[in-house]
Amino acid sequence: MMEEEELEFAEDLEAILHLTPEVQLAIEQVFPSQDPLDRSDFNAVEYINTLFPTEQSLANIDDVVSKIRLKIRRLDDNIRTVVRGQTNVGQDGRQALEEAQIAIQQLFGKIKDIKDKAEKSEQMVKEITRDIKQLDHAKRHLTTSITTLNHLHMLAGGVDSLEAMTRKRQYGEVANLLQGVVNVLEHFHKYMGIPQIRQLSERVKAAQSELGTQILADFEESFPSQGSKRPGGPSNVLRDACLVANVLDLRIKQEIIKKFIKQQLSEYLVLFQENQDVAWLDKIDRRYAWIKRQLVDYEEKYGRMFPEEWCMTERIAVEFCHITRVELAKVMRTRAKEIEVKLLLFAIQRTTNFEVLLAKRFTGCTLTDTPGKKPESPLASTNPFLDDEGGEDVGADKDEDLAKPRKPKAPDNPFHGIVSKCFEPHLYVYIESQDKNLGELIDRFVADFRAQGPPKAGTEEGGAVLPSCADLFVYYKKCMVQCSQLSTGEPMIALTTIFQKFLREYAWKILSGNLPKSNSNSGGLTISSLLKEKEGSEAAKFTVDELCLICSILSTAEYCLATTQQLEEKLKEKVDKLLVERIHLTGEMDTFSTVISNSIQLLVQDLDAACDPALTAMSKMPWQSVEHVGDQSPYVTSIIMHIKQNVPNIRENLASTRKYFTQFCIKFTNSFIPKFINHLFRCKPISMVGAEQRWC
């Protein structure tokens with residue numbers, strides 16, 4: 001019974017002392033211990049076995065039991081002490097809580113006292129600083145009032161002085177005073193509701209209006225629209241009036257400039273009327289000579305009258321250009337049938353020279369604000385041959401210049417096209433002329449080729465590029481340089497069409513038209529002729545000179561292909577950006593590629609046909625009756641002979657175009673080997689000795 005009660009007690013105790021893993025881990029962290037009795041997975045059996053591992057260790061069992069009992073007694077004492085110590089914990093906790101509440105109440109009382117004292121201090125500071133703020137506001141208002149009164153005094157006195165000086169035409173004093181009055185009046189914009197201020201503002205506006213009308217009248221009197229100029233040159237009054245106009249409304253300045261320029265150019269409109277002889281293109285130099293004299297005369301007489309920032313010299317020149325462009329366009333429309341190419345190019349050259357002169361003399365700052373007329377936007381120059389336009393002889397250049405790197409592009413001329421744009425509608429005359437000249441040039445190339453004959457083998461001309469090719473592209477370059485000076489718009493597209501036309505004609509008439517014709521008749525070797533084994537017993541279909549001609553045409557077509565690609569790139573650089581997509585020479589490049597392919601194919605066919613009789617003879621030989629292996633077979637000798645005759649000549653003539661010689665070799669190999677294999681299969685029946693001889 002005792003044992004059962006002890007077991008039940010142990011089970012109850014274990015159930016009570018079972019702790020969760022989290023609690024157990026916390027206890028181990030707070031009270032670390034190495035004692036096995038403190039472990040959560042304590043096992044009594046293992047612990048006893050640890051104390052008594054052997055039977056001999058049971059001899060000291062009494063000592064072990066005594067130690068355990070002593071330990072139990074100490075634990076009981078510790079537990080008893082702890083339990084007794086927790087008897088008064090509840091009462092102590094309530095007492096501590098009451099003390100904390102009392103302390104909090106005291107703290108709240110102190111905080112309230114501090115807040116009340118802070119509010120009293122703030123009220124005291126406000127009372128102290130109230131007078132200081134009032135003084136600050138009074139000082140600021142007083143300063144503003146004094147400043148405003150000073151401005152008002154200045155404004156009132158300035159308006160009175162301005163009106164008096166205006167009546168006396170004292171423009172020198174008015175220029176400085178008016179600017180000051182306008183600046184002072186800006187300070188009174190927020191006071192315009194006051195009648196006196198509004199009245200002063202209206203008086204200023206009236207004075208400005210009166211000054212504008214008065215200055216315009218003075219200029220009209222000095223420079224009337226009809227009649228001669230006022231003698232004696234400009235007066236100081238007008239010079240000061242221009243300074244006043246700078247301060248007045250922009251309209252006054254523009255009106256002065258417009259009327260003065262109109263008066264300066266009135267003589268030009270009379271001298272170069274449409275019905276006058278000097279108005280035609282052949283005397284276009286007189287127009288530019290007149291404006292040069294007029295500008296020199298202006299600088300001497302009126303250069304100091306107008307402010308420098310007005311750029312009056314440039315404005316006169318720009319207005320002259322606008323008038324000249326309109327007048328020239330009118331004259332050319334009326335006498336369009338009289339326009340010839342040389343006359344048109346002469347007029348364009350003189351005009352572009354004048355535009356270059358303007359660019360050297362002026363900056364072009366007035367082109368965007370010229371009064372009375374909006375100028376044409378200057379045409380962007382994308383000419384890649386700027387280094388050739390300085391008077392060099394274009395015809396003496398080599399066509400390879402197309403591929404040379406160009407000098408850095410010169411700055412754009414802001415005056416480019418300001419007059420010369422009027423010639424653009426009439427450039428069809430130039431285009432038609434180039435069409436005719438290129439047609440005559442192609443006909444001359446054909447005639448020269450027939451007269452001189454094809455290039456001969458063994459000479460410097462053998463296999464080289466035909467001279468006519470370089471001449472053609474040099475002429476193309478000259479046309480591009482001229483056309484780029486005239487226009488970068490539709491005329492460039494028309495010129496490109498002409499280029500395309502004659503590139504195709506050159507490919508057809510000069511290149512393809514002079515290729516030797518292939519003859520389908522093999523004229524072949526017979527078995528008996530092969531058996532003679534004589535070197536040179538059969539020549540190739542084409543003569544050496546004909547092979548040289550084919551190679552020359554191939555080299556020329558390659559040169560034309562590369563140069564046409566460069567030509568397309570240059571044309572795209574020179575034409576307006578909106579028209580770039582309409583520039584393409586792909587069809588012409590394909591034409592030259594076709595000429596190259598046809599030339600290579602002729603060379604391959606010639607050598608291939610020369611070997612055909614030998615292959616035919618090989619297939620017809622009685623290989624079954626061959627009794628012993630001899631020296632090299634006659635057909636092998638014939639094939640080697642033709643290859644030695646043709647290939648070195650072709651290689652020498654295509655020395656400048658190695659890639660096409662390689663293509664020739666590849667194409668001949670691709671054609672000859674299948675044919676050779678096909679003839680091998682025809683050599684039946686054949687003996688063992690014949691098979692050995694066949695490969696020799």
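Residues numbered from 1 in each chain as written. Predicted model: local features only at pLDDT ≥ 70, side-chain atom pairs only at ≥ 80, totals over all residues. Heavy atoms only, no water.

Caption draft 1: Just the overall build of the protein, in detail. Assigned secondary structure in the protein consists of 21 helices and zero strands. Expressed as a percentage of its 696 residues, the buried residues of the protein come to 37%. Roughly 41800 Å² of accessible area belongs to the protein as shown, and the carbon and sulfur atoms make up 55% of that amount. (Helix = DSSP H or I, 4+ residues; strand = E, 2+ residues; numbered from the N terminus. Buried < 20%, exposed > 50% of the residue type's maximum accessible area, 1.4 Å probe, protein only. Areas by Shrake-Rupley, 256 points an atom, 1.4 Å probe, with all protein chains shown as cover.)

Caption draft 2: Expanded view of the pattern of salt bridges. Summed over all chains, the structure comprises 15 salt bridges. For the salt bridge of R80 with D77, the shortest nitrogen-to-oxygen distance reads 2.8 Å. Of this pair, R80 and D77 both sit in helix α4 (residues 61-85), separated by three residues, roughly a single helical turn. The exposure class of D77 is partly exposed, given its relative accessible area of 34%. (Salt bridge = Lys/Arg side-chain N within 4 Å of Asp/Glu carboxyl O.)

Caption draft 3: View of helix α19 (residues 634-653). The first and last C-alpha atoms of α19 sit 29 Å apart over 20 residues, in line with the 28 Å expected at 1.5 Å per residue. Of the positions making up α19, those classed as buried are P634, Y635, V636, T637, S638, I639, M641, H642, N646, V647, I650 and N653. (Expected span 1.5 Å × (residues − 1).)

Caption draft 4: Geometry of the environment of G513. By the element assignment, G513 lies in the loop between α15 (490-511) and α16 (527-531). On the basis of relative accessible area, G513 is assigned to the partly exposed category, the value being 44%. Separated by 67 residues in the primary sequence, G513 and V446 have C-alpha atoms spaced 9.7 Å apart.

Caption draft 5: Quick peek at the side chain of E355. Mapped onto the elements, E355 comes out in helix α12 (residues 341-361). As a buried residue without a salt bridge, E355 has its nearest oppositely charged side chain in R325, at a separation of 7.8 Å. In contact with E355, not counting residues within four places along its chain, are N413, F415, H416, G417, I418, V419 and S420. (Lys, Arg positive; Asp, Glu negative; His and termini not counted. Contact = heavy atoms within 4.5 Å.)

Caption draft 6: Layout of a nonpolar patch on the surface. On the surface, a nonpolar cluster with roughly 460 Å² of combined accessible area is contributed by L19, V23, I27, V30 and F31. By the secondary structure assignment, I27 is in helix α2 (residues 21-30). (Patch = residues over 30% accessible without salt bridge, like charges linked within 9 Å, V, L, I, M, F, W, Y side chains within 5 Å.)

Caption draft 7: Examining empty space enclosed by the protein more closely. Following the criterion strictly, the structure yields four cavities of 30 Å³ or more and no others. Empty space within the second largest cavity amounts to approximately 50 Å³. Along the walls of the second largest cavity sit L216, F219, E220, F223, I256, K259 and F260, which together make up its complete lining. Listing elements by their share of the lining of the second largest cavity, those giving two or more residues are α7 (195-222) and α9 (250-271). Residues belonging to the lining of the second largest cavity are distributed by class as follows: five nonpolar, no polar and two charged. (1 Å grid on protein atoms, 1.4 Å probe; cavity = no way out; pocket = protein on both sides within 12 Å on 5 of 7 lines; lining within 4 Å. Points joined across faces, edges and corners; volume = space filled by probe spheres on them. Nonpolar A, V, L, I, M, F, W, Y, C, P; charged D, E, K, R; others polar.)

Caption draft 8: Structural view of the nonpolar core. The biggest cluster of nonpolar side chains holds 141 residues, and the ones touching the most others in it are F219, F306, F423 and Y506. Once you skip the residues sitting within four places of it in the chain, F306 turns out to touch F219, C242, I256, F260, Y298 and M312. Counting residues in hydrophobic clusters, the runner-up holds five residues, among them V159, L185, L200 and V204. (Core = buried A, V, L, I, M, F, W, Y, C linked by side-chain atoms within 4.5 Å.)

Caption draft 9: Molecular detail of the packing of α12 against helix α13 (residues 428-452). Close contact between α12 and α13 brings their axes to 9 Å; oriented N to C, the two are set at 125°. The orientation of α12 relative to α13 falls into the category oblique. For the pair α12 and α13, the crossing hand works out as left-handed. The segment α12 lies against α13, with V341, L344 and L345 engaging V429, Y430 and S433. (Axes fitted to C-alpha atoms, helices over the stretch in contact; angles between N-to-C directions. Parallel < 35°, antiparallel > 145°, perpendicular 65-115°, else oblique. Left-handed = near helix turned anticlockwise from the far one by under 90°.)

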